[in-house]
Amino acid sequence: MSRLSVRQVRFRYLTLYGLRWLPSGLMIPVMILLMQERGLTLSQIGLTATAQGLVVLALELPTGGFADALGRKPVLAVAWVIGLISLVIFAVADSFWLFFLVWALQGVYRALDSGPLESWYVDATLAADPDGEYERGLGQAGTVIGLAVGAGALLSGGLVALGPVGPVSALTLPVLVAIALHAVSLVALFVLMQETRPATGAAALRASVVEAPRMVGQAIGLLRRSRVLLALVAVELFWGFGMVTFESLLPIRLSEVVGDADRAAAMLGPAGSAAWLANAAGAALTPFLLRRLGSAPAAALLRVLQGVTVVGMGLFAGPVGVLIAYLACYTVHGASNPLHMGLLHRQVDGPYRTSVISLNSMMGQPAGALGAVVLTALADRTSVSLAMLVGAVVLALAAPLYLPAWRAGRNAAPVPAAVGQPPQVDQAEPEEAHPAAPAGLDPDPVHAR
């Protein structure tokens, strides 16, 4: 990996990141509507989604420690294979339990996928240049995910508009294309990701299994010793719960306003594409927000603004108003993630980076599962609008949790920061000494983020 420059590392990271999220763009407009088409109620859909959260809760930390101990590439490869299998099953699923299996496999996929690619990028950047600005790549990743998911959503809407092809329904067509694209991303992973692994072979695998719990323990130790890190990870509880509003309830809300599920799905294609372009534009605002507000104040403000946009989605009467609020929500979302992850990365050194990212994700996934159950049940019993308003309040409640990071940044010794680079904050030290900018290698909403 030392042969790669900072620019080469960033290019490979962004390429793999885009390929990883392109199939998700195809799935987002049709996923909930397809499950409805195949007979599931909103409450059943919410229950199937809990499988992902529970599996992530069980596996997130062990898999994060395993990736740190064994290497990021093999763990990512297994994750993407499992993700491919889950899509294949989703394409043919026609019962509650098959969809439950799909979401359980998605939970394994998300647990393994959470962190390795991003940690590989950050550590590989620091290995190439200890003073390298990895925040730039994290911000560009937000732009890439917007373009990738937006392109996928646009393609998805076009496929739905084409209508059924033989026995394949209009809502199933995007799933089949997503399967093919996911296979392409798996091949690209083997070609583009170079990693100096800690060890190889069967003995290394056994040693990594033994080592993973220690890595997890060290990462949890960081939380105990750093109020800043603990607060940042706790943000995910509110974020994960509230994200259900615009990831799962928005298609139902638009279908309710339009009056036809297929028409709503066709509209969500271009709307989803525009939303993820807005997400990319929001990510591109990261350097401006860092200069004008600082990372922690900007992140807190964006939590409140995102809640406001979700209120708009829940209350506006016509499809135009709902979609405008949707675009605003994704603009805020795109700006939020690089700020949050930049703050998170500055609280941990390389050897535990994936484990800490896994801790962050572990909080979000079960919270998302709880949000899926609570908000879909509330939507079934009252209205989708009320459920979205509840989710909006929860999103905004995360804002005060950025205060410890803001205070730490103010108390840190003032040092000139490069444009687009957030101020340094106090860093929690692990129980064993490790260099702040390790030469070893690595790397992951995101839910996407």
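The shown structure was predicted, so the numbers you read here are calculated from the model rather than taken from an experiment. (Residues numbered from 1 in each chain as written. Predicted model: local features only at pLDDT ≥ 70, side-chain atom pairs only at ≥ 80, totals over all residues. Heavy atoms only, no water.)

1. Here we look at helix H8 (residues 173-192)
Okay, step 1: Taking 1.5 Å per residue, 20 residues should reach 28 Å; H8 reaches 29 Å between its end C-alpha atoms and fits that length.
Okay, step 2: When H8 is considered as a whole, its buried residues turn out to be Leu-173, Pro-174, Val-175, Ala-178, Ile-179, His-182, Ser-185, Leu-186, Ala-188, Leu-189 and Leu-192. (Helix = DSSP H or I, 4+ residues; strand = E, 2+ residues; numbered from the N terminus. Expected span 1.5 Å × (residues − 1). Buried < 20%, exposed > 50% of the residue type's maximum accessible area, 1.4 Å probe, protein only.)

2. A few points about the environment of Asn-360
Okay, step 1: Mapping Asn-360 onto the fold places it in helix H16 (residues 353-381).
Okay, step 2: Given the relative accessible area of 4%, Asn-360 is considered buried.
Okay, step 3: Between the alpha carbons of Asn-360 and Leu-344 there is a distance of 8.6 Å; along the sequence they are 16 residues apart.

3. Focus: helix H12 (residues 261-284)
Okay, step 1: End to end, H12 covers 33 Å across 24 residues, agreeing with the expected 34 Å (1.5 Å per residue, within 8%).
Okay, step 2: At Gly-269, H12 shows its largest bend, some 30°, and a proline, Pro-270, comes one to four positions later. (Bend = angle between axes of the 7 residues up to and from the residue.)

4. Section: the environment of Val-168
Okay, step 1: Residue position: Val-168 is located in the loop between helix H7 (134-162) and H8.
Okay, step 2: Val-168 sits 77 residues away from Ala-91 along the chain, and the two C-alpha atoms are 9.7 Å apart.
Okay, step 3: For Val-168, the residues in contact, after removing those within four places along its chain, are Leu-173 and Leu-176. (Contact = heavy atoms within 4.5 Å.)

5. Some points on the confidence of the model for the chain
Okay, step 1: Per-chain confidence: the chain averages 79 in pLDDT, with 80% of residues scoring 70 or above.
Okay, step 2: Predicted confidence in the chain is weakest over helix H9 (residues 201-225), with a mean pLDDT of 61, and strongest over H8, with 94. (pLDDT = per-residue confidence, 0-100.)

6. Description of the environment of Leu-327
Okay, step 1: By the secondary structure assignment, Leu-327 is in helix H15 (residues 319-345).
Okay, step 2: Each residue touching Leu-327, except ones within four places of it in the same chain, is listed here: Ala-271, Ala-274, Ala-275 and Ala-278.

7. Section: the side chain of Gln-52
Okay, step 1: Summarising the element assignment, Gln-52 is placed in helix H3 (residues 42-70).
Okay, step 2: Taking the relative accessible area as the measure of exposure, Gln-52 reaches 8% and is therefore buried.
Okay, step 3: Apart from residues lying up to four places away in sequence, Gln-52 is in contact with Trp-103, Ala-104, Gln-106, Gly-107, Arg-110 and Gln-365.

8. Notes on the nonpolar core
One broad rule of soluble globular proteins: the nonpolar side chains tend to lie buried together.
Okay, step 1: If you look at the biggest cluster of nonpolar residues, it comprises 125 residues, and the most contacted ones within it are Tyr-13, Met-35, Phe-90 and Met-313.
Okay, step 2: Among the elements that make up this core, the one with the highest residue count is H15 (12 residues).
Okay, step 3: The contacts of Met-313, once residues within four sequence positions are left out, are Phe-246, Leu-250, Arg-253, Val-322, Ala-325, Tyr-326, Cys-329 and Met-388. (Core = buried A, V, L, I, M, F, W, Y, C linked by side-chain atoms within 4.5 Å.)

9. As for the side chain of Arg-303
Okay, step 1: With respect to the helices and strands, Arg-303 occurs in helix H14 (residues 295-315).
Okay, step 2: Setting aside chain neighbours within four positions, we find Arg-303 in contact with Val-235, Trp-239, Ser-336, Leu-395, Ala-396, Ala-398, Ala-399 and Tyr-402.

10. Describing the packing of helix H1 (residues 6-27) against H8
Okay, step 1: Viewed as axis vectors pointing N to C, H1 and H8 meet at an angle of 165°, and their least axial separation amounts to 8 Å. For the element pair H1 / H8, the angle class is roughly antiparallel. For the pair H1 and H8, the crossing hand works out as left-handed. Each of Arg-12, Thr-15, Leu-16, Leu-19, Arg-20, Leu-22, Pro-23, Leu-26 and Met-27 in H1 lies in contact with H8, whose residues at this interface are Pro-174, Val-175, Val-177, Ala-178, Leu-181, His-182, Ser-185, Ala-188, Leu-189, Val-191 and Leu-192.
Okay, step 2: Of the residues assigned to the contact of H1 with H8, the class counts are 15 nonpolar, three polar and two charged. (Axes fitted to C-alpha atoms, helices over the stretch in contact; angles between N-to-C directions. Parallel < 35°, antiparallel > 145°, perpendicular 65-115°, else oblique. Left-handed = near helix turned anticlockwise from the far one by under 90°. Nonpolar A, V, L, I, M, F, W, Y, C, P; charged D, E, K, R; others polar.)

11. Section: the packing of aromatic side chains
Okay, step 1: Applying the stated rule across the entire model yields nine aromatic pairs.
Okay, step 2: With a centroid separation of 5.5 Å and 40° between ring planes, the pair formed by Tyr-13 and Tyr-17 is classed as tilted. Here Tyr-13 pairs with Tyr-17, and both are found in helix H1, just four residues apart, close to one helical turn. Taken individually, Tyr-13 and Tyr-17 each receive the classification buried, so the pair is uniform in this respect.
Okay, step 3: Ring geometry for Phe-246 against Tyr-330: centres 5.5 Å apart, planes inclined by 85°, an arrangement best described as edge-to-face. In this pair, Phe-246 sits in helix H11 (residues 244-258) while Tyr-330 sits in helix H15, placing the two residues 84 residues apart along the sequence. For the pair shown, Phe-246 and Tyr-330 are each scored as buried.
Okay, step 4: Linked through ring pairs, Tyr-13, Tyr-17, Trp-21 and Tyr-121 together constitute an aromatic cluster. (Phe/Tyr/Trp six-rings, centres within 6.5 Å; stacked < 30°, edge-to-face > 60°.)

12. Topic: the pattern of salt bridges
Okay, step 1: Tallied over the entire structure, the rule returns three salt bridges.
Okay, step 2: When the shortest N-O distance is used, the salt bridge between Asp-113 and Arg-20 registers 3.1 Å. With Asp-113 in helix H5 (residues 96-113) and Arg-20 in helix H1, this residue pair connects regions lying 93 residues apart in the sequence.
Okay, step 3: Assessed through its relative accessible area of 4%, Arg-20 is described here as buried.
Okay, step 4: Taking the shortest distance from any N to any O, the salt bridge between Arg-72 and Asp-123 comes out at 3.5 Å. With Arg-72 in helix H4 (residues 72-92) and Asp-123 in helix H6 (residues 116-128), this residue pair connects regions lying 51 residues apart in the sequence. Each member of the pair, Arg-72 together with Asp-123, is buried. (Salt bridge = Lys/Arg side-chain N within 4 Å of Asp/Glu carboxyl O.)

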